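What follows is each chain in one-letter form.
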Amino acid sequence: MTLFVKIGLFTGTVLATAPVLSSLPCLIGRASAADLDALEEQIANIQAQQRALQKALVSVQQQVAAHRAATGGTSRAAHHAVSSTAAHHAALQGISGVADTSEGVGLAEPEPVVSHHRYASGPDAQPVFSGARDVPEVESVIGHRAEDVVSRLAENNVGPHSRETVGAQAAGALGDHGVFHMGPVTLILGGFLDAAAVEENRHTASGTFNFWQDIPFQNQSRYHTNNFEGSARYSRISLMARGNVDAHSTISGFFEMDFGSGASTTDAYESNSYSLRMRQAYLAYDNSEYNVHFLAGQAWSMLTPGRIGITPRQESLPETIESSMLAGQTWARQLQFRFVKDFLNHRLWTGLSIENSATLYSTTGLGTSGCTINQTSGQVCMPDGQTATVGYNGVGLTNPALFSNEIAPDIIGKIAWDPHWGHYEVEGILHFPHDRVTTPGVGGHNNTVVAGGGGGSMILPVIPHKVEVRLNGIAGYGIGRYGSVILPDATLNANGSPSPLLSVQATGGIVSHPTPRLDVYGFFGYQSSGRSYFNSGTGAYGYGNPNADNTGCYSELSTGGCTANIHSVMEATAGAWYRFFKGKYGTVQGGLQLAYSRVNAWSGNGGAPNTSLSEVFMDFRYLPFQ
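Residues numbered from 1 in each chain as written. Predicted model: local features only at pLDDT ≥ 70, side-chain atom pairs only at ≥ 80, totals over all residues. Heavy atoms only, no water.

1. Regarding the environment of G476
Stage number 1. Looking at the element boundaries, G476 is found in strand β21 (residues 467-477).
Stage number 2. For G476, a relative accessible area of 7% corresponds to the buried category.
Stage number 3. A C-alpha to C-alpha distance of 8.8 Å links G476 and I429, two positions 47 residues apart in sequence.
Stage number 4. Those residues in contact with G476, other than ones at most four positions away along the chain, are G452, G453, L501, L502 and S503. (Helix = DSSP H or I, 4+ residues; strand = E, 2+ residues; numbered from the N terminus. Buried < 20%, exposed > 50% of the residue type's maximum accessible area, 1.4 Å probe, protein only. Contact = heavy atoms within 4.5 Å.)

Written as structure tokens, this is what we have:
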């Protein structure tokens, strides 16, 4: 009874002060300094009373739930009680703990009762007590608010990302401080300031982005020189806008940008003026009544491994500093139209995604001169005098890089399963390389082949929320561009039609969180490409041809040839992140990563050359919203 008396007293106090607060605007104008001090003290007292009232209400809910459980009651009434207090709780504070600046002084966040997985149902989500263990479960998301992930999620002991981790930042996590309400729309800020550098034993002018195909062999002088390079170009800005369409559906839009693009005026000598680029930009619709989800725009490909459900910004990405992430990592960011449905209390997820297609060709040995007509970009001369057209350079507002001929989008399907322990996925992709072969002055014909593959991923929570093992891999033909090494998808056969190359890529790793401030990780990645080739006269064509000239790969500035088509790339890496400061001002963290990569080329005339790269990465980040 004492508790109920306290609630009554607190409620009376808050209600009694309402008339006084309503008259404050006209009193402040003629108040003295002493009066203002007294007013601030009264406001502080009211805030303290409201916080105590909130805690008392939660305690009563727990007691009621425990009593119902003890007497065999159902939870339906508890859910009804929760929904009936939704408006009051929203007026006091959102689940995020962010002040509602439209109504005056914000309230402090109540003590969190659940540290990990929560299930989203909007910003007004309320605690629901089962009574079984007297532990509340909040129908919200990870962290402290419901705005970030709007899909309901099942408990799998892996859960969504903790926002301050680098894996979450890579996927596009939003902050829990920069939340603003503009009428019915909620705006959420995210991003970080990044200062990263790398010291490496070869000179690859790509900064902290590993471009493995450019690692020099022994015939290049830069193989024998060390290199240091750093920048702030991967600092990131993100913004999400979301609103409730009705009680069951939500619409949201997400933007994410960084400065990873190099403009034609960018130089490393004075201004280092890297240009803004789009990482993600999409809209999403989620319906919790029918458990359907739709996404349209540029986002991480659905082929990218996830960690819970099939949910945007919950992709499973390495915690590495290198912006290329890890050799063998499956990913792309591209336009897509994604349709997802979840079943069995959000444990089984199925998805179909129609995504932008592109075919990366290797035309080793084939030239653009010697044909009977003038060649344009994207056209190559076949040994028999025919011309194969695989694409065309961008024009207008598109940069003048090669854009391949594509007859259809990539089609990706995925099934995700979230039991009580772990996250498991299987996926498949169809791709349709397309070109045209022309006999000059006679005519030509189009060629389309079917490529694709399949794979899967899993996350095993060895010690839930402390230690997890991650495995993923995919294999198939014509899908090399979906790996971080960006190996070719296809080459051309003797008649000029596309010849998809076998691609195999896989990663494995362990991630540990020994303390709330420290994250430690170790990963291994591998990606390989098959070979497809033909010979005509004395010429060796295609990818991985055993007659290719590799005789000049071993001596510095050799005059011999060094075709060195890449067969495989592996990377082993380990590192850690430490959060020096974390509070209402955000998070400041630093990272250190050691990495070793080895590149093996297909054998040819002169053997199978190989090369390697050792790197030390350093990074400092300030996350003002996390």
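2. A word on a negative patch on the surface
Stage number 1. Taken together, the side chains of D35, D37, E40 and E41 define an acidic patch exposed on the protein surface.
Stage number 2. Among the secondary structure elements, E40 is positioned in helix α3 (residues 33-70). (Patch = residues over 30% accessible without salt bridge, like charges linked within 9 Å, V, L, I, M, F, W, Y side chains within 5 Å. Areas by Shrake-Rupley, 256 points an atom, 1.4 Å probe, with all protein chains shown as cover. Salt bridge = Lys/Arg side-chain N within 4 Å of Asp/Glu carboxyl O. Lys, Arg positive; Asp, Glu negative; His and termini not counted. Charge placed at Lys NZ, Arg CZ, Asp CG, Glu CD.)

3. Thoughts on the state of the cysteines
Stage number 1. Evaluation of the coordinates by the stated rule reveals one disulfide.
Stage number 2. Between the sulfur atoms of C553 and its disulfide mate C562 the distance is 2.0 Å. Measuring the twist about the S-S bond at about 110°, one finds the C553-C562 disulfide to be right-handed. (Disulfide = S-S within 2.5 Å.)

4. What to know about the confidence of the model for the protein
Stage number 1. In the predicted model, the protein carries a mean pLDDT of 83, and 79% of its residues have values of at least 70.
Stage number 2. Across residues 74-147 the pLDDT falls below 50, and counting only partners more than four positions away or on other chains, this stretch makes 147 contacts in the model. (pLDDT = per-residue confidence, 0-100.)

5. A look at the pattern of salt bridges
Close approach of charged atoms lets side chains of opposite charge pair.
Stage number 1. Applying the stated criterion to the full structure yields 14 salt bridges.
Stage number 2. E256 is the partner of R236 in a salt bridge, and the nearest nitrogen-oxygen pair spans 3.7 Å. One end of the pair, R236, is in strand β6 (residues 236-244); the other, E256, is in strand β7 (residues 249-261), and 20 residues separate them in sequence.
Stage number 3. Overall, the relative accessible area of 1% leaves E256 in the buried class.
Stage number 4. For the salt bridge of R279 with D258, the shortest nitrogen-to-oxygen distance reads 3.4 Å.

6. Overview of the side chain of H434
Stage number 1. With respect to the element layout, H434 can be found in strand β18 (residues 434-439).
Stage number 2. Among the polar contacts made by the side chain of H434, one reaches the main-chain carbonyl oxygen of N447 at a distance of 3.2 Å.
Stage number 3. H434 has contacts with Y361, N405, I407, N446, N447, T448 and P498, leaving out every residue within four places of it along the chain. (Polar contact = N/O pair within 3.5 Å; in protein donor to acceptor, adjacent residues only side chain to side chain.)

7. Description of the packing of aromatic side chains
The geometry of an aromatic ring pair is captured by two quantities: the separation of the ring centres and the angle between the planes.
Stage number 1. Within this structure, the stated rule accounts for seven aromatic pairs.
Stage number 2. With centroids separated by 5.5 Å and ring planes inclined at 45°, the aromatic side chains of F254 and Y282 adopt a geometry described as tilted. Of this pair, F254 sits in strand β7 while Y282 sits in strand β8 (residues 275-287), placing them 28 residues apart in sequence. Neither F254 nor Y282 differs from the other in exposure class; each is buried.
Stage number 3. Taking the centre distance of 5.2 Å and the plane angle of 25° together, the rings of F534 and Y541 count as stacked. Judged on exposure class, the residue F534 and its partner Y541 are both buried.
Stage number 4. Members of the aromatic cluster, connected to one another through ring pairs, are Y578, F580 and F620.
Stage number 5. Directly above the aromatic system of F343 lies the positively charged group of K341, at a separation of 5.4 Å from the ring centroid.
Stage number 6. The ring of Y482 has R481 lying over it, and the distance from NZ or CZ to the ring centre is 4.4 Å. (Phe/Tyr/Trp six-rings, centres within 6.5 Å; stacked < 30°, edge-to-face > 60°. Lys NZ or Arg CZ within 6 Å of the ring centre and 35° of its normal.)

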